[in-house]
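Structural characterization, general
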Amino acid sequence: MPYEMKVDGMTEISALLEKMEQQATGIASQALYDGAGIMAEEIRKSAESIKTAPFQYAREGTRLPSPEEKEIVLAAGAGIAKFNKNGTEVDTSVGYSSSGYAELNGKVKPVPLIVNAINSGTSFMQKQPFIRKAKNSGSPKAMAAMKNKIEEAFEAMTKK
Amino acid sequence: MPSEYEALVAALKLTSTPVAEYGWKTRPEGAYYVVQLDGEAGSMDGDSGKLDRSWGGSLDLYYPKLTDRDDLIEETEEILTEIFGSSWYLNSTQYESGTGLFHVEWVFEAMDEPDPEPEGEENAV
């Protein structure tokens, strides 16, 4: 007499896996949104610590950014780019690249140019790499927040 | 201060171009370096503490368009590889149209010296 073997519950698991595949991009986007928000906040905090000095032309050596320049950087704020979706992968970037223009001493100048001059330094501007500092201090926090968000979402999914 | 950073400053001083550290006041003629430590970066955390401390910093090279030192970038990268191994990267290259200077930036990470193994009877097996 042949023995019959049967495994129960596989349909449930396959249904769950299918559901996960469908919702993965959505969950990843939510997590990325949280992480990007933390990074933007970290950059804002870091920008507040930029050292300034009243404006004067750097005839010898370098100068610090003027308070007006710092104000422009703070007012512009780090933006979050449109999310790129590729399969279940989602990515974005946080920064000043689309921060537009600002008026400085009667001239209209692009904000990314001012941010780059402060962040990377030039031959006449002292360098204050505030974006890299924000990246170093913020990325562990952002990673933890994203991991939490994903775990929460999967827990909610498996409980149903 | 990590010994690798000190080694970098010493190595740059040996080359013929002038070196200026963070907080420099005068702008030298021709090509010059600016080297600085920015702060902590990429430390390894664990056991409710910092297991390995590492420091991030950057090296900036400014050079005029017409220079007889074509091998300046390669030479700098050789120095960085010698001192840091692979823990550095080329972050950006820029051209300042106002001053006619090229600006190349490298970012490096330097490890603190590891703490010596504690000695004493408590640690005896």
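Anyway, here's the lowdown on the structure attached to this text. (Residues numbered from 1 in each chain as written. Chains lettered and ligands numbered in written order. Predicted model: local features only at pLDDT ≥ 70, side-chain atom pairs only at ≥ 80, totals over all residues.)

Let's talk about the packing of helix H1 (residues 3–14) of chain B against helix H2 (residues 72–84) of chain B
Residue and element names in this part refer to chain B. Remark: H1 packs on H2, axes separated minimally by 10 Å, with the N-to-C direction vectors making an angle of 150 degrees. What the angle tells us is that H1 and H2 run roughly antiparallel. The two elements H1 and H2 meet at a crossing, and its hand is right-handed. Between H1 and H2, the contacting residues are Glu-4, Ala-7, Leu-8 and Ala-11 on the first element and Ile-79, Ile-83 and Phe-84 on the second. Here the contact of H1 with H2 is built from residues that sort into six nonpolar, no polar and one charged. (Axes fitted to C-alpha atoms, helices over the stretch in contact; angles between N-to-C directions. Helix = DSSP H or I, 4+ residues; strand = E, 2+ residues; numbered from the N terminus. Parallel < 35°, antiparallel > 145°, perpendicular 65-115°, else oblique. Left-handed = near helix turned anticlockwise from the far one by under 90°. Contact = placed C-beta atoms within 7 Å. Nonpolar A, V, L, I, M, F, W, Y, C, P; charged D, E, K, R; others polar.)

Looking at the packing of helix H2 (residues 67–76) of chain A against helix H3 (residues 111–120) of chain A
Residues and elements named next belong to chain A. Packing of H2 against H3 leaves a shortest axis separation of 10 Å and a crossing angle of 115 degrees. Crossing handedness for the pair H2 and H3: left-handed. Contacts between H2 and H3 involve Glu-69, Ile-72, Val-73 and Ala-76 on the former and, on the latter, Val-111, Ile-114, Val-115 and Ile-118. Across the contact of H2 with H3, the residue classes tally to seven nonpolar, no polar and one charged.

Some details on the environment of A:Met146
Residues and elements named next belong to chain A. One can find Met-146 in helix H4 (residues 130–159). Looking at Met-146, the number of C-beta atoms within 10 Å reads 19, which means it is partly exposed. With 60 residues separating them in the primary sequence, Met-146 and Asn-86 have C-alpha atoms 18 Å apart. For Met-146, the contacting residues outside a window of four places in its chain are Ala-31, Leu-32, Asp-34 and Gly-35. (Buried ≥ 20, exposed ≤ 12 C-beta atoms within 10 Å, placed from the backbone.)

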